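Commentary on secondary and tertiary structure
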Amino acid sequence: MSDHRPSRLVRPETLTALGIIFLALAFLVPTTGLRPISALLPAAMLAGLILLSAILLIRDQRRASAGSKTAPLTQAPRRVIGAFALIAGYAVATDLAGFYPATAIAIPLVAWLFGYRSPAGLALATTIVVGSAWAIFDLGMSQDFPAGRLWQ
Amino acid sequence: MYSDLLNALPEVLGLSNFLAVIIGVIAGIVVGAMPGLSATMAISVLVPFTFGLEPLVALGLMAGIYNGAMYGGAIPAVLLRIPGTPAAVATTFDGYPMAQKGEGGYALQVAVVSSAVGGIASAFALMLLAPPLSKVTLLFGPSEVFWVAVFGLASIIFLLGGNPIKGLISACFGVFVSVIGSDPIFGTDRYTSGQLELLDGISIVILLVGLYALPPVIDLLETPLKTDGVNSSKLGTEPIWKTLPRMGRFWKTWLRSSFIGIWIGILPGAGGSMAAFMSYNEARRASRTPETWGEGEPEGVAASETANNADTASALIPALTLGIPGTAVAAVAAVMLGGLLVHGLQPGPMLFRENPDVVFGFMWQFLFGAILLILLGGSLATNSFARLLNLPRPLLGSVIIVLMLIGVYSIHGRMFDVYLMLGFGAIGWVMDKLKFPLPPVVLGLILGGFAEENLRLALRIGRGDWTVLFANTTSLVLVALTVAVVVGPMVKRRLAKRDLRTKET
Amino acid sequence: MSNFMHKAVLTGAAIMLAGAAWAEYPEKPIEVIVGYSAGGGTDVMARTAAPFIEKYLGDGASVVVKNMPGASGQIGITEAAHADADGYTLGTFNLPGMMARTIDREAEYDTESFTYLANVVNDPNVIVTRKGSGLDSIDKLIEEATANPGAVTVGMSSLGGDDHFMLIKLQELTGAEFTIVPFKGSAPARTALMGGHVAMGILNISEVAEFQEELNLLGVATEERSEFAPDLPTFKEQGVDLVNGSMRGFVAPAGLPEEVEAKLVEAFAQLEADPEFIEAMNATANPVEVVTGAEFKALTQELHDLAQGVWETSPWN
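For clarity, every value in this text was computed on a predicted model and none was experimentally measured.

A word on the overall build of chain A. Helix and strand content of chain A: six helices and zero strands. A globule of 152 residues ought to have a C-alpha radius of gyration of about 15 Å, yet chain A, at 23 Å, is considerably larger. Considering only C-alpha atoms, chain A reaches an extent of 55 × 50 × 25 Å along its principal axes. With 152 residues in all, chain A has 39% of them scored as buried. A sequence separation of at least 24 residues applies to 67% of the contacts in chain A between residues at least 6 apart. Of the roughly 8,700 Å² that chain A leaves accessible, carbon and sulfur atoms contribute 72%. Here chain A contributes 12 positively and 6 negatively charged side chains, and the mean placements of these two sets differ by 15 Å.

Once that is clear, we can look at the interface of chain B and chain A. Taken together, the contact between chain B and chain A spans 52 residues of the former and 56 residues of the latter. Buried area between chain B and chain A, both sides added, is near 4,900 Å², and the carbon and sulfur share of it is 81%. Along the contact surface separating chain B from chain A lie one salt bridge. Across the contact surface, chain B and chain A share six residue pairs in polar contact (both at pLDDT 80 or more). Broken down by secondary-structure element, the contributors of at least two residues to the side of chain B that touches chain A are α4 (39-49), α10 (164-179), β2 (189-190), α11 (204-222), α19 (393-412), α20 (415-433) and α21 (439-461) of chain B. Considering every element that reaches the side of chain B that touches chain A, the biggest residue donor is α19 of chain B, with 10 residues. Considered class by class, the residues forming the side of chain B that touches chain A number 38 nonpolar, six polar and eight charged.

Residues and elements named next belong to chain B. A cluster of basic residues, R493, R494, K497 and R498, forms a positive patch on the protein surface. On the secondary structure map, R494 appears in helix α22 (residues 473-504). A residue is classified by how much of its surface remains accessible, and R494, at 60% relative accessible area, is exposed.

Turning our attention to the pairing of strand β9 (residues 245-253) of chain C. All names here are of chain C. Counting buried positions over the nine residues of β9 gives nine, a clear majority of the element. Bridging between strand β3 (residues 89-95) and β9 involves five bridges; their strand directions are antiparallel. Paired with L95 across the strands is M247, a residue of β9.

Let us look at the environment of L13 of chain B. Residues and elements named next belong to chain B. You can see L13 is positioned in the loop between α2 (9-12) and α3 (15-33). Overall, the relative accessible area of 48% leaves L13 in the partly exposed class. A C-alpha to C-alpha distance of 26 Å links L13 and T306, two positions 293 residues apart in sequence. Those residues in contact with L13 that lie beyond four places of it in its chain are F18 and F368.

This brings us to the interface of chain C and chain B. Facing the 45 residues of chain C at the interface are 42 residues of chain B. Roughly 3,400 Å² of surface becomes buried between chain C and chain B when both sides are summed, with 60% attributable to carbon and sulfur atoms. Area buried by chain C at its contact with chain B is led by R105, H197 and E210 of chain C, which between them contribute 19% of it. Along the contact surface separating chain C from chain B lie two salt bridges. Seen at the junction of chain C and chain B, the total is eight residue pairs in polar contact (both at pLDDT 80 or more). Only α2 (41-57), α3 (74-81), β6 (179-183), α7 (186-194) and α10 (275-283) of chain C provide two or more residues apiece to the side of chain C that touches chain B. The class makeup of the residues in the side of chain C that touches chain B is 20 nonpolar, 17 polar and eight charged.

All names here are of chain B. Where helix α14 (residues 272-286) contacts α21, the two axes come as close as 10 Å, and the packing angle between them is 130°. Classed by the angle they form, the pair α14 and α21 counts as oblique. Regarding α14 and α21, the two cross each other, and that crossing is left-handed. Taking contact as the criterion, the partners of S273, M274 and F277 in α14 are, on α21, P439, L443, I446 and L447.

Turning to the confidence of the model for chain A, a few remarks are in order. Residues with a pLDDT of 70 or more make up 95% of chain A, whose mean pLDDT is 87. For residues 1-5 of chain A, every residue scores under 50 in pLDDT, and the model assigns this stretch zero contacts once sequence neighbours within four places are set aside.

Once that is clear, we can look at the UniProt feature "domain: DUF1468" (unreviewed entry) in chain A. Listed under "domain: DUF1468" (unreviewed entry) in the UniProt record, and renumbered for this structure, are residues 17-143 of chain A. The span residues 17-143 of chain A is 81% helical and 0% strand by assignment, and the distance between its end C-alpha atoms comes to 42 Å.

The next subject is the side chain of R248 of chain C. Residue and element names in this part refer to chain C. Relative to the elements of secondary structure, R248 occurs in strand β9. Buried charge without a salt bridge: R248, with D123 as the nearest opposite-charge side chain at an N-O distance of 4.6 Å. Of note is the side chain of R248, whose polar atom sits 2.4 Å from the side chain of N286. Dropping the residues within four chain positions of it, R248 is found in contact with G41, T42, M45, F93, N94, N119, V120, V121, A285 and N286.

With that settled, the discussion passes to the domain arrangement of chain A. Each domain of chain A was delimited in the assignment, giving domain 1 (4-65) and domain 2 (77-151). If you average the C-alpha positions of domain 1 of chain A and of domain 2 of chain A, the two centres end up 37 Å apart.

Within this structure, the stated rule accounts for 31 aromatic pairs over all chains. Look at Y100 of chain A and F145 of chain A: their rings are 6.1 Å apart centre to centre, the planes differ by 85°, and that puts the pair in the edge-to-face class. Within this pair, whereas Y100 of chain A is found in helix α5 (residues 99-113), its partner F145 of chain A is found in the segment after α6 (119-140), the two being separated by 45 residues in sequence. We classify Y100 of chain A as partly exposed; its relative accessible area is 23%. Look at F145 of chain A and you get buried, because its relative accessible area is 8%. Arranged with centres 6.2 Å apart and planes meeting at 70°, the rings of F250 of chain B and W254 of chain B form a pair that is edge-to-face. Each member of the pair, F250 of chain B as well as W254 of chain B, is classed as buried. A connected cluster of aromatic rings, assembled from ring pairs, spans F99, Y100, F137 and F145 of chain A together with Y409 of chain B. Sitting over the face of the ring of F186 of chain B, R35 of chain A holds its NZ or CZ atom 3.6 Å from the ring centroid.

Analysis parameters
Residues numbered from 1 in each chain as written. Chains lettered and ligands numbered in written order. Predicted model: local features only at pLDDT ≥ 70, side-chain atom pairs only at ≥ 80, totals over all residues. Heavy atoms only, no water. Helix = DSSP H or I, 4+ residues; strand = E, 2+ residues; numbered from the N terminus. Rg over C-alpha atoms; globule rule 2.2 N^0.38 Å. Buried < 20%, exposed > 50% of the residue type's maximum accessible area, 1.4 Å probe, protein only. Contact = heavy atoms within 4.5 Å. Areas by Shrake-Rupley, 256 points an atom, 1.4 Å probe, with all protein chains shown as cover. Lys, Arg positive; Asp, Glu negative; His and termini not counted. Charge placed at Lys NZ, Arg CZ, Asp CG, Glu CD. Buried area = accessible area lost by both parts, 1.4 Å probe. Salt bridge = Lys/Arg side-chain N within 4 Å of Asp/Glu carboxyl O. Polar contact = N/O pair within 3.5 Å; in protein donor to acceptor, adjacent residues only side chain to side chain. Nonpolar A, V, L, I, M, F, W, Y, C, P; charged D, E, K, R; others polar. Patch = residues over 30% accessible without salt bridge, like charges linked within 9 Å, V, L, I, M, F, W, Y side chains within 5 Å. Pairing = 2+ DSSP bridges. Axes fitted to C-alpha atoms, helices over the stretch in contact; angles between N-to-C directions. Parallel < 35°, antiparallel > 145°, perpendicular 65-115°, else oblique. Left-handed = near helix turned anticlockwise from the far one by under 90°. pLDDT = per-residue confidence, 0-100. UniProt positions renumbered as here; feature names shortened; annotations may be inferred. Domains from an automatic or database assignment. Phe/Tyr/Trp six-rings, centres within 6.5 Å; stacked < 30°, edge-to-face > 60°. Lys NZ or Arg CZ within 6 Å of the ring centre and 35° of its normal.

If you want it as structure tokens, here you go:
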């Protein structure tokens with residue numbers, strides 16, 4: 001019984017509903033500073049989110065007390081978190097070190113870490129992607145990609 | 001005026017002008033097919049580049065890209081459930097289930113033929129009916145446009161999916177995102193926390209890439225070590241001339257969806273995604289087997305793809321005659337107007353008199369772009385792209401990540417948008433796992449702020465008097481339509497239940 | 001002592017740098033930051049002007065346009081204000097919008113943040129009404145708005161822009177009262193007017209030049225008649241002292257080396273006499289009126305003070 005209680009609160013839908021309610025309440029704070037006519041639609045939407053999430057929460061808790069189990073969000077949480085971290089890391093690296101270096105490292109790194117380990121294939125894919133990005137955007141359309149804040 | 005139309009033809013058929021359309025269509029298909037890249041981004045990258053080109057070469061490229069991308073967006077929508085453009089969201093409903101059943105090739109062929117049908121119908125509307133149709137646009141002032149937006153929002157109820165509560169949460173979220181930015185009337189900040197980048201509102205492309213493209217990428221990486229992609233043998237590729245006869249039965253849907261697409265196109269502000277959603281709903285309603293929809297019904301792909309291409313040329317009717325791009329959110333027509341201005345072509349009634357060669361030439365290019373879709377799209381799509389998706393999953397995932405960054409960064413040339421997209425990606429992943437439907441978010445974002453803006457303009461015109469919203473026939477017709485769309489199915493269901501009960505007793 | 005040395009070295013270096021810049025300026029491409037997307041009015045002005053500026057700077061100078069759209073140009077102009085003052089980063093500048101932003105929201109720049117090079121475009125305001133609405137002269141319009149305060153709805157683009165200041169001037173001059181309906185941009189305002197959803201519109205002359213047959217043009221807010229509509233009388237001719245418009249020009253960050261500033265201003269000053277330039281600008285709906293250097297700065301200050309005055313009596317948000 002003692003381990004039943006926490007498991008009721010960490011059900012994904014319950015957590016999501018609580019998260020939505022919390023965020024919507026947080027957004028209601030700046031809403032009060034707006035003119036009534038400006039605040040009308042956002043306030044209605046936030047109220048809607050809170051109400052609907054509350055219903056979602058109650059339903060999910062009812063299901064929990066009825067003893068139903070929910071599937072976890074993912075079978076491989078470490079892979080998911082790793083993938084997110086790599087993607088975010090790639091964006092930050094592009095910002096700091098520049099698009100070309102970041103991309104040249106990111107493509108083989110991500111593919112290698114997630115199981116594609118053929119060196120020739122990695123080299124080829126990286127060359128094609130970076131090369132065509134450069135040829136089409138930089139050379140062809142004179143678009144600037146981030147040059148990297150570190151070197152500026 | 002029609003003689004001007006014919007006079008413009010020889011110029012368009014010149015080598016460089018025609019080549020521009022071909023290159024544009026191919027580029028458009030490629031851009032549309034790359035998850036993360038969008039037509040809006042492609043044309044905004046292209047506009048500065050066209051300063052040095054002949055007008056018809058530049059416009060041909062743009063017409064080609066627009067047409068190509070509207071179809072190209074269907075390719076990843078079908079194969080990966082990532083809509084390549086906002087307007088391809090409705091294509092995922094039946095396209096992706098078809099691909100899973102091993103009919104991906106057929107789905108793409110239906111998509112390319114339907115796209116071409118819609119595009120051709122729309123080009124003819126633009127060529128033959130632009131001036132009279134622009135008169136229709138004038139009927140739509142703020143209060144009428146508000147009702148159009150409400151009508152569009154009402155169709156969300158058909159997109160709620162299995163769990164209405166979750167669907168409504170999605171819709172509220174979408175509408176809330178649409179109010180972030182500057183207040184439509186006063187220009188004061190709403191929820192921007194001082195970020196200038198948020199002041200113009202959140203671009204639909206950023207939201208779309210985040211919500212739709214990131215979760216599948218995570219899935220590609222999550223599934224351990226599986227290195228098979230979408231197998232081309234499973235696509236069921238048959239030559240297109242063999243499958244064409246099977247599409248004959250779509251003629252009603254093609255007709256209806258073209259009509260809806262053209263109609264939505266000339267209304268200020270709505271745009272391709274609303275056209276696709278509406279025509280999908282209408283086609284399902286008219287279908288004799290509505291229960292197969294969403295499970296891989298080719299007619300659903302036909303409805304969505306016809307409508308989103310039928311919206312392209314007709315969106316240029318208000319753009320060329322009145323200077324208002326068909327849509328404020330998915331800004332393709334707006335960016336194209338910029339491309340016209342670059343060449344000294346200022347929209348307005350005089351445009352047709354002062355530069356008939358270029359304007360009518362541009363219209364021909366739209367028509368040729370739509371026709372070329374079948375030739376170029378038919379062969380390109382099923383062969384090259386399906387094979388591209390054959391890449392090992394981790395590699396495909398990492399390439400899509402790069403494309404997403406390029407696509408989002410290039411719209412405004414700033415990293416802020418990329419971070420924003422990642423934020424939406426995280427939200428999208430949770431929504432995807434918990435089965436919150438995504439289409440209501442898209443529709444909410446497109447129509448929410450738009451409805452608010454026009455409501456408040458209407459109220460200003462009425463000086464605070466709400467009856468201004470019901471003051472004329474156009475508004476009342478729209479209100480009646482909205483009520484019919486919302487209440488009609490409920491009544492029908494109630495009646496069907498009663499029928500059942502009377503039969504049982 | 002060491003402090004003095006430090007200063008002396010720095011000053012020396014600065015002089016040398018300035019000297020070097022003058023000797024060879026421009027020795028690398030000059031970047032012009034445009035605060036709007038490619039294809040917008042301001043962008044087209046910058047791109048049309050670029051080759052002419054290159055021509056007058058001479059020595060194989062090269063001008064590159066960079067778009068930094070967002071927040072009605074505020075992102076771009078803020079970037080330009082904070083760029084290195086070496087003459088290799090310029091920005092496009094819109095009046096009265098850029099000054100109004102320093103008043104109605106937080107801005108990281110003010111009138112002193114720039115070296116004023118040249119205002120190139122002056123697009124005067126016009127007042128238009130729908131054909132067949134009966135309000136076919138400025139007198140009738142004022143009469144109606146005075147008799148029924150607020151009954152005349154005015155379509156225009158957003159608050160705090162040139163259209164809005166034009167209306168405020170009109171209200172102050174005549175005491176008439178109007179109801180403002182601020183659309184997102186001029187084209188939707190013009191369309192609403194043509195459809196009869198609003199009674200009058202305040203637009204710019206370049207925006208109605210193509211629509212002269214569809215709308216009643218009541219007058220233009222200039223000292224002298226505009227080339228874009230030579231038959232259209234000014235408001236002054238009709239006894240209403242209204243002069244207002246939307247302006248677009250070029251600025252550089254404050255503290256530009258004097259020699260560089262002089263060279264740039266000289267290049268811009270030659271634009272007005274170039275018929276080829278005027279023609280290219282007219283084709284893209286940009287009526288040319290070049291005002292350079294100190295005069296441009298005075299103009300900016302004047303508009304800033306006007307906006308400040310308006311803000312204090314009747315803030316618009």
